[in-house]
Amino acid sequence: MDDDMLGDQRRLVELIEEEGWDVTDLELSAYDSPWADEDDPEATVTITARKPYGGEDGDDEDDENPFRLR
């Protein structure tokens, strides 16, 4: 794993968290691309994050949404 890849991963997490999201899962995959002739590795980052939406205090007790888990 390349230090540049890890640095980019940290920066992406920082950007997401600055927007009020909580990162709940993160996966960084580094690989050599089978489609490119270059010797430089590529990376894929998968980030799962959550952000509650709701009233001023985030409390949705009056929400009638039948799909919301309580």
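As shown above, the structure is provided for reference.
Keep in mind that this is a model prediction, so the values were computed, not measured.

Participant: Summarise the packing of aromatic side chains; cite the residues concerned and give the values.
Facilitator: Overall, the coordinates contain 1 aromatic pair when judged by the stated rule. On the numbers, 6.4 Å between centres and 75 degrees between planes, the contact of Trp21 with Tyr53 is edge-to-face. Note that Trp21 is positioned in the loop between helix 1 (3–18) and strand 1 (22–31) and Tyr53 in the segment after strand 2 (42–50), a separation of 32 residues in sequence. Residue class for Tyr53 comes out exposed when judged on its relative accessible area of 55%.

Participant: So what about the environment of Thr24? Which residues, and what values?
Facilitator: For Thr24, the location among the structural elements is in strand 1. For the pair Thr24 and Ala49, spaced 25 residues apart in sequence, the C-alpha to C-alpha distance is 5.2 Å.

Participant: Can you explain the environment of Pro52? Please cite residues and give values.
Facilitator: Within the fold, Pro52 resides in the segment after strand 2. For Pro52 and Gly20, which are 32 residues apart along the polypeptide, the C-alpha to C-alpha distance reads 9.2 Å.

Basis of the calculations
Residues numbered from 1 in each chain as written. Predicted model: local features only at pLDDT ≥ 70, side-chain atom pairs only at ≥ 80, totals over all residues. Heavy atoms only, no water. Phe/Tyr/Trp six-rings, centres within 6.5 Å; stacked < 30°, edge-to-face > 60°. Helix = DSSP H or I, 4+ residues; strand = E, 2+ residues; numbered from the N terminus. Buried < 20%, exposed > 50% of the residue type's maximum accessible area, 1.4 Å probe, protein only.

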